[in-house]
Amino acid sequence: LLFAGQGISRFGDGMFTATTAWLAWSLTHDPAAVALVTVAAYAPAFLATLVAASYADRYDRRRLMILTDMLRAALVAVAVALFAFGSMNLTMLVAATALLALVGAPFAPARNAIVPQIVPPALLQQANGLLQVAFHAAFFVGPLVLAPVMAVASLTAAVALNGLTFLLSAAAVAGLRVRAPARRGRPTGLRSDLAAGLRAVRSEPDVLLVIVTFVLALTLTSGFLTVGLVALVGQGGQYGLLLGIAGLAEVAGALLLSRIPIRRFALAAVLAWALLGVFRLPLGLATSPVIAAALLALTGLASALTDIPLIALVQQRIPDSHLAKALGLWEAGIAGALAASPFIASPTISLVGVRAAFMLSGAALVALALVASTVLA
């Protein structure tokens, strides 16, 4: 049920992400506008995820996920009305994207933390691998579907479809059978609970190092893909196609990892960024969509290795009473990285050009991964 529900929901998210990026570009033809919408999609989550994760640790995770989905569906319905009446502009697009991200902040840490309540510890890697297959497959099928939806319908239809996926996700989560966690003792307040969660993460240096490496690496890469790829291809359908190819490759990597046991989760998660950097470095030199698609496929394969071992490591090392907060720290870091990265990518691209910017991004990834693996050792 979690596999199916999140696959459906992530399909809508993927279409919505590609839709908002392309709409921002079509309204302004300015990479800075795409960067602004990207920031709006992630900055609120950066601020709210840790607080939301604390509630996911102290209250019923399944109910929190259902409530989040229902609220997001209601917000998307409002966005559909704005599209239908022609009231959507860049300001409204940024506001709607930010509000949707804020409301959705509790979902990801609760979803990742609920997995150990569904499967036994020995199967965490396989379960996370299969869930990542659903997440990535659906998320990147969304951009692939954007072009035909725009051809036969409209952007309004694409946004409305995202709202429907939230309702289907809520229905799937409602059907989950979840094992109750161990009794957590006396109730604690928000501040003391967050402090205890931070102590739990700090007591596991491998976990902290892998999370920090992930966040730094994402800061160095995501904005160049979001902003740079739009400027590189210049066509909405081709943009969605390339993102979809990268996502399908990531799905293949996740499926492969669900079958291959990993003994050292931390080392695998860190070195995966070096592999990704090697394939990212020549992306700006691609002279045709075919070459760009091949390089994005290779980066997608490497990308699967960056998050599945990390999630399994956290689930394995952190107690259930602090699990959502530890995963929330990671999710908040992701949101912060995705919000900050466009501000790094946009001026870099303007200064040195798209091709050199991709090369710098790939080289920085390789260097970061080598330093992190040395510290880990």
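Residues numbered from 1 in each chain as written. Predicted model: local features only at pLDDT ≥ 70, side-chain atom pairs only at ≥ 80, totals over all residues. Heavy atoms only, no water.

Draft legend 1. Here's a closer look at the overall build of the protein chain. What the protein chain contains, in helices and strands, is 14 helices and zero strands. Starting at the N terminus and walking to the C terminus, you meet the elements of the protein chain as α-α-α-α-α-α-α-α-α-α-α-α-α-α. Each of the three principal axes of the protein chain carries a C-alpha extent, and together these read 55 × 50 × 35 Å. Per-residue burial for the protein chain yields a buried fraction of 54% across its 377 residues. With an accessible surface of roughly 15700 Å², the protein chain has 70% of that area assigned to carbon and sulfur atoms. The averaged location of the 12 negative side-chain charges in the protein chain is 6 Å from the averaged location of its 22 positive side-chain charges. (Helix = DSSP H or I, 4+ residues; strand = E, 2+ residues; numbered from the N terminus. Buried < 20%, exposed > 50% of the residue type's maximum accessible area, 1.4 Å probe, protein only. Areas by Shrake-Rupley, 256 points an atom, 1.4 Å probe, with all protein chains shown as cover. Lys, Arg positive; Asp, Glu negative; His and termini not counted. Charge placed at Lys NZ, Arg CZ, Asp CG, Glu CD.)

Draft legend 2. Expanded view of a nonpolar patch on the surface. The grouping of I8, M70, L161, L164, L167 and L168 at the surface amounts to a nonpolar patch, some 470 Å² of accessible area in total. At four residues, the largest contribution of residues to the nonpolar patch is made by helix α7 (residues 155-174). By the element assignment, L161 lies in helix α7. Residue class for L161 comes out partly exposed when judged on its relative accessible area of 30%. (Patch = residues over 30% accessible without salt bridge, like charges linked within 9 Å, V, L, I, M, F, W, Y side chains within 5 Å. Salt bridge = Lys/Arg side-chain N within 4 Å of Asp/Glu carboxyl O.)

Draft legend 3. Up close: the environment of A53. Among the secondary structure elements, A53 is positioned in helix α2 (residues 31-58). Residue class for A53 comes out buried when judged on its relative accessible area of 0%. Along the sequence, A53 and F16 sit 37 residues apart, while their C-alpha atoms lie 24 Å from each other. Contact partners of A53, with chain neighbours within four places excluded, come to P109, A324, K325 and G328. (Contact = heavy atoms within 4.5 Å.)

Draft legend 4. Quick look at the environment of R199. You can see R199 is positioned in helix α8 (residues 190-202). You can call R199 exposed: its relative accessible area is 55%.

Draft legend 5. Up close: the side chain of Q6. Locating Q6 in the fold gives a position in helix α1 (residues 2-28). The exposure class assigned to Q6 is buried, which follows from its relative accessible area of 2%. Setting aside anything within four residues of it in sequence, one finds Q6 in contact with F107, R111, F135, S169 and V173.

Draft legend 6. Quick look at the nonpolar core. By size, the foremost hydrophobic cluster in this structure holds 62 residues, and its most contacted members are W273, V314 and W330. Here W330 is in contact with N112, I211, F214, D307, L310 and I311, once residues within four sequence places are set aside. (Core = buried A, V, L, I, M, F, W, Y, C linked by side-chain atoms within 4.5 Å.)

Draft legend 7. Representation of α8 within the structure. Compared with the 18 Å implied by 1.5 Å per residue over 13 residues, the 18 Å span of α8 between its first and last C-alpha is a close match. When α8 is considered as a whole, its buried residues turn out to be D193, A196, G197, A200 and V201. Buried residues in α8, looked at end-on, bunch into an arc of 140 degrees, giving them a common side. Those residues of α8 that are exposed and aimed more than 90 degrees away from the buried face are R191, R199 and R202. (Expected span 1.5 Å × (residues − 1). Arc of directions from axis to C-beta.)

Draft legend 8. Here's a closer look at the side chain of T213. Along the chain, T213 turns up in helix α9 (residues 205-233). A distance of 2.8 Å separates a polar side-chain atom of T213 from the backbone oxygen of L209. For T213, the contacting residues outside a window of four places in its chain are V270, W273, L368 and A372. (Polar contact = N/O pair within 3.5 Å; in protein donor to acceptor, adjacent residues only side chain to side chain.)

Draft legend 9. Main features of helix α3 (residues 61-84). Helix length check: α3, at 24 residues, gives a terminal C-alpha distance of 35 Å against a target of 34 Å (1.5 Å per residue), a fit within 8%. For α3, the full list of buried residues reads R61, L64, M65, T68, D69, R72, A73, V76, A79, V80 and F83. Considering only its buried residues, α3 is in contact with α1, α2, α4 (90-103), α5 (107-114), α7 and α13 (320-352). With its phi angle positive at about 70 degrees, G86 sits one or two positions after the end of α3.

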